[in-house]
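Report on the structure
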There are 2 protein chains.
Amino acid sequence: MAHPRTPDAELIGKIARVFRQHGYEGASMARLSAATSLEKASLYHRFPGGKDEMVAAAAAAGNAWFSEHVLQPISQPGEPAAQIKLVCLRLREFYEDGKLPCVLEALSLPAGSEPLHEALASSLDAWLGAFTQLARNSGFTPAAARDRAEQAIIEIEGSLVLARVKADTGPFLRAIRKLPRLLTEPSI
Amino acid sequence: MAHPRTPDAELIGKIARVFRQHGYEGASMARLSAATSLEKASLYHRFPGGKDEMVAAAAAAGNAWFSEHVLQPISQPGEPAAQIKLVCLRLREFYEDGKLPCVLEALSLPAGSEPLHEALASSLDAWLGAFTQLARNSGFTPAAARDRAEQAIIEIEGSLVLARVKADTGPFLRAIRKLPRLLTEPSI
DNA sequence: GTCTATAGCTTGATAGAC
DNA sequence: GTCTATCAAGCTATAGAC
């Protein structure tokens, strides 16, 4: 197949935000139209596959941003202590200090298609792998590094839920502040 | 009586499960009708307020079950070590070993009404308070107990998200296994 | 109290003008 | 590429028979 036409990044960003905030079923064409300032027919022109193609693009864009700005710095050689600081900064950016739900969470309710759920699981695996690598570089054993990575992601996801229910970003910001110790200090 | 009335508790239980699995917008009347084996008109007879009344009843029922079976045992005088074991059992029951999302999470996306979100926040507060009390009874200082309680709930909520995305209950079951140390052993 | 039937609106998606 | 106009299907909710 030929290269699919490169979609507009800004457009997909706006679409992705609607899916993150409202989930798959809550992201109606009316909301997507309002958020993008494009009529529904125009959205279908850009995404002939409809909502399924839009949510796939949103998930892919979220994964791309996350991979580039959060995970890729970890995969470079460097000081773990410096790397984790950058990761914390980028996570606060990605989640807007805890005000924005995680793509993985918002789209993992049973509404989405099977390929979407596979994409989410694959993104999570990449995240786990990168955090594991960072922990290993900090001196953890392979098994301990895997545990720390999972623990870190659990705390991020859980704190986002608490922050949303309480309408208070505190839990998320505290979870981020704990990350360096969790992932790079074997002596806890 | 050709069609005996389904007991309220059983009916609400079935409704609550739909809301937990699909969220507010995904819990359509068609799904609620199928899950309860009641026609839509019958559901409106029982809940004249429509979906809003149903979701309120579901949240209240979830909160009632949780308060009675998880939180109330903690509020009794007793050995923390024994109490936390019961709590773990009841949590595995409530979340069906990690296969069922948390009510707080599923209903906290911006679809619901304001009273619903207040009810969810209030349920979370009660949960935090009960876990804090348990930690205090185990010898934690008030501040440390509060931290442990929040940490415990973060790990439960986060592990549920991971379990759902990975389609693997492992993260949740491990989080539950860690709970006794987290909440009742100040010497970690 | 539950049902069938239906109203009225919103949804996802399409056709065709410009 | 975006728009207006429209469709069929789905949605929440109601009316009225039994």
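Refer to the structure above for everything that follows.
These lines cover the structure that appears in this document, whether it is placed above or below. (Residues numbered from 1 in each chain as written. Chains lettered and ligands numbered in written order. Predicted model: local features only at pLDDT ≥ 70, side-chain atom pairs only at ≥ 80, totals over all residues. Heavy atoms only, no water.)

1. A few points about the protein's contact with DNA strand D
Stated formally: We call a residue near a given molecule or strand whenever any one of its heavy atoms falls within 4 Å of it. Two N or O atoms form a polar contact when they lie within 3.5 Å of each other; inside protein one atom must be a possible hydrogen donor and the other a possible acceptor, and for residues adjacent in sequence the pair counts only when both atoms belong to side chains. Numbering of helices and strands runs from the N terminus; a helix is a DSSP stretch of H or I covering at least four residues, while a strand is a stretch of E covering at least two. All amino acids are sorted into three groups, where Ala, Val, Leu, Ile, Met, Phe, Trp, Tyr, Cys and Pro are nonpolar, Asp, Glu, Lys and Arg are charged, and the leftover types, Gly among them, are polar.
The environment of DNA strand D is formed by 15 residues, the closest being E39(A), A41(A), S42(A), M29(B) and Y44(B). In the model, a phosphate oxygen of DNA strand D is placed 3.0 Å from a nitrogen or oxygen of the R46(A) side chain. Between DNA strand D and M29(B) there is a distance of 2.5 Å, counted from a phosphate oxygen to a backbone nitrogen or oxygen. Going through the elements one at a time, α3 (40-46) of chain A together with α2 (29-36) and α3 (40-46) of chain B are the ones with two or more residues in the surface near DNA strand D. Ranked by residues supplied to the surface near DNA strand D, first place goes to α3(A) with four residues. Here the surface near DNA strand D is built from residues that sort into seven nonpolar, four polar and four charged.

2. Considerations on the relation of the copies chain B and chain A
Definition in use: When the copies are superposed, the least-squares fit takes in the C-alpha atoms of residues with a pLDDT of at least 70 in both. Two residues form a contact once any of their heavy atoms are found within 4.5 Å.
The two copies are related by a screw operation: chain B maps onto chain A through 180° of rotation and 0.0 Å of translation along the axis, at an RMSD of 0.5 Å. Put plainly, the chains are arranged around a two-fold axis. Among all residues of chain B, the one whose C-alpha sits closest to the rotation axis is G158(B), at a distance of 1.8 Å. Residue by residue, 100% of the interface of chain B is reproduced at the interface of chain A, so both copies engage with the same surface.

3. Thoughts on helix α7 (residues 114-137) of chain B
Where we set the bar: In this scheme, a helix's expected span is set at 1.5 Å multiplied by one less than its residue total.
Taking 1.5 Å of rise per residue, the 24 residues of α7(B) would be expected to cover 34 Å, and the 35 Å separating its terminal C-alpha atoms lies within 8% of that figure. Looking at the packing, one finds that the buried side of α7(B) touches α8 (142-166) of chain A together with α4 (51-75), α5 (80-94), α6 (103-106), α8 (142-166) and α9 (170-184) of chain B. G139(B) lies just past α7(B) and shows a positive phi near 110°.

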